[in-house]
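# Summary of the model geometry
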Amino acid sequence: MVAEIDTKIAEYESRGAGQAMLGLADIDGVLRGKYVGLDKLKSLFVKGGGFCDCVFGWDVDDQLYDGGSVTGWHTGFPDARYRLLVDSERTLPESGVPYFIGEFAAQDGGGHALCPRSLLRRVQARASGAGLVAKAGFEYELFVFDEDPDSVRDKGFRDLQPLTPGNFGYSVLRASSNSEVFKELMDYCADFRMPLEGLHCETGPGVWEAALAVAEGMEAADRATLFKTFSKAFFTKRGAMATFMAKWSMDYPGQSGHYHFSLLDEAGANAFAAAGGSTDMPDRARWALGGLIRYVPEFLPMLAPTVNSFTRLVKGAWAPTAATWGIDNRTAAFRFIPGDDKSQHIECRVGGADGNPYLVSAATVGAAILGIEQRIEPPDGVSGNAYDVEDGLPAEWRFAPTLRDAAIRLGGSRPARELFGDVFVDHYVDTRIWESREYERHVNDWQLARYFEII
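Here is a short report on the structure shown in this document.

What counts as what
Residues numbered from 1 in each chain as written. Predicted model: local features only at pLDDT ≥ 70, side-chain atom pairs only at ≥ 80, totals over all residues. Heavy atoms only, no water. Helix = DSSP H or I, 4+ residues; strand = E, 2+ residues; numbered from the N terminus. Buried < 20%, exposed > 50% of the residue type's maximum accessible area, 1.4 Å probe, protein only. Contact = heavy atoms within 4.5 Å. Core = buried A, V, L, I, M, F, W, Y, C linked by side-chain atoms within 4.5 Å. Pairing = 2+ DSSP bridges. Axes fitted to C-alpha atoms, helices over the stretch in contact; angles between N-to-C directions. Parallel < 35°, antiparallel > 145°, perpendicular 65-115°, else oblique. Left-handed = near helix turned anticlockwise from the far one by under 90°. Polar contact = N/O pair within 3.5 Å; in protein donor to acceptor, adjacent residues only side chain to side chain. Patch = residues over 30% accessible without salt bridge, like charges linked within 9 Å, V, L, I, M, F, W, Y side chains within 5 Å. Areas by Shrake-Rupley, 256 points an atom, 1.4 Å probe, with all protein chains shown as cover. Salt bridge = Lys/Arg side-chain N within 4 Å of Asp/Glu carboxyl O. Lys, Arg positive; Asp, Glu negative; His and termini not counted. Charge placed at Lys NZ, Arg CZ, Asp CG, Glu CD. Phe/Tyr/Trp six-rings, centres within 6.5 Å; stacked < 30°, edge-to-face > 60°.

Relative to the assigned elements, Cys189 resides in helix α6 (residues 179-191). Of the residues examined, Cys189 reaches a relative accessible area of 0% and is grouped as buried. Remark: the alpha-carbon pair of Cys189 and Gly392, spanning 203 residues in sequence, is separated by 44 Å. Sequence-distant contacts of Cys189, defined by excluding residues within four places in its chain, comprise Met194, Pro195, Leu196 and Phe227.

One finds Phe299, Phe334 and Phe420 to be the most contacted residues of the largest nonpolar core, which totals 107 residues. Per element, the largest residue contribution to this core is eleven residues, and it comes from helix α10 (residues 357-374). Excluding residues that lie within four positions of it along the chain, Phe420 makes contacts with Leu119, Arg122, Val123, Phe299, Met302, Ala362, Ala363 and Val425. Leu22, Leu38, Trp58 and Tyr82 belong to the second largest nonpolar core, which has 25 residues in total.

For the rest of this paragraph, the subject is the pairing of strand β4 (residues 79-84). Alternating positions in β4 separate cleanly, Ala80, Tyr82 and Leu84 being buried on one face and Asp79, Arg81 and Arg83 remaining unburied on the opposite face. The pairing of strand β3 (residues 49-52) with β4 spans four bridges and is classified as antiparallel. Directly across from Cys52, in β4, lies its bridge partner Asp79.

The next subject is the packing of helix α1 (residues 2-14) against helix α2 (residues 38-47). Running from amino to carboxyl end, α1 crosses α2 at an angle of 155°, the nearest separation of the two axes being 10 Å. Between α1 and α2, the interaxial angle falls into the category roughly antiparallel. The hand of the α1/α2 crossing is right-handed. Contacts between α1 and α2 involve Ile5, Asp6, Ile9, Tyr12 and Glu13 from the first element and Leu38, Leu41, Lys42, Phe45 and Val46 from the second.

A word on the side chain of Arg90. Within the element layout of this structure, Arg90 appears in strand β5 (residues 90-91). A distance of 3.0 Å separates the side chain of Arg90 from the backbone oxygen of Arg193, its partner in a polar contact.

Taken together, the side chains of Lys34, Lys40, Lys47 and Arg81 make up a positively charged region of the molecular surface. Owing to a relative accessible area of 36%, Lys34 belongs among the partly exposed residues under this scheme.

Bringing the packing of aromatic side chains into the picture now. Under the criterion given, the structure shown has 30 aromatic pairs. Measuring from ring centre to ring centre gives 5.7 Å for Tyr140 and Phe244, while their planes differ by 85°; the resulting arrangement is edge-to-face. Taken together, the positions of Tyr140 in strand β7 (residues 133-145) and Phe244 in the loop between β11 (241-243) and β12 (257-264) put the pair 104 residues apart, joining distant regions of the chain. A relative accessible area of 5% means that Phe244 is categorised as buried. Plain terms: the ring middles of Phe420 and Phe424 are 6.3 Å apart, the flat faces sit at 70° to each other, and that makes the pair edge-to-face. Comparing Phe420 with Phe424 shows no difference in burial state: the two are buried. One aromatic cluster is present, built from ring pairs that chain together Phe138, Tyr140, Phe227, Phe244, Tyr259, Phe261 and Phe272.

Below you can see the structure in the form of structure tokens.
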């Protein structure tokens, strides 16, 4: 091991890379990390490292939570242990600096109770116990603006200039006119080992859609997490700015973070596809849908983690408001996509672009595995507009209308506690209620326009 590390360090030195970058995902999927010198990198490979656990004690604005049992003022914010994952090695395309994914670990070397990546590993172990492994790919919508971090603040995040005007969904004209940046982004993602299988304009000014190539196990969530940060870096270096908010303007539909997945059995065959090329739905695919219908409403804050998430989950906005499924039906929460024995799979359309990919994966795969374990039969699939039937569905299948309501429901979910652990559920629920309280205590433009004069 030491000899291999020495060889790596010598390779970096020979190509003029005197530093490395490491990144660890926090509870919101924000990458927290640093540059380290090569001597420090060698030490981290051998011994692991420590990272201030305040990253589990503050929100996306670096504001400390006013409670919490795992970390806080009462613990003194000690270091959380982490390990670098050697197999995650990548090279930052425009600097030649090596990059490594880190994963938080418990003091005994096991998984950290609050680490999103460790949580997904736990769910994957549950799937492995059933002889299954997920194969998945994320699909993101993102708005790109001809702005920079200073200009958006100067404008108060209003009247922003999109990179391209007009609706132009799937536009060859827009993609061709901006071919240089389209090609550069696809090359950048391929060079950084998070390849895109497709990139196009969506309907709306400056909105793009990127489909990441599928991968097995943890790799799909790793790629999605890296894409959400480094695509922003890509655009910022070119004088532009991207956002993954679930909904940045009431004038346009929300931004999705759809999760396409199937489960492979121990022979590597697709458990969601019937043998012999038939497009029939096998038992495990049907039970997986049953689990998604039954449990995703309880796990909803893991797919819709912000107050803003719930402005997307409204009728008529290309996003579901209840747990429904249909065959190749984009109005349903879960779209069963027929195909051959390689391509037949399920698309979870619940999550927005703001979701933490590790938690989205854990919640979706976890719900599917519970469905398979318990052989849960789904209701009949929806034909036509799923919105037309949602009001008549059982209350437990309908999504909570706010983050606070969804968090409370998650806190009372026994399946969530059994699958994800009490420590994670309690902490995560507290963080989502904090997020709700932060919103509720602030005056916003809607309140001013509605109440300032007339009340």
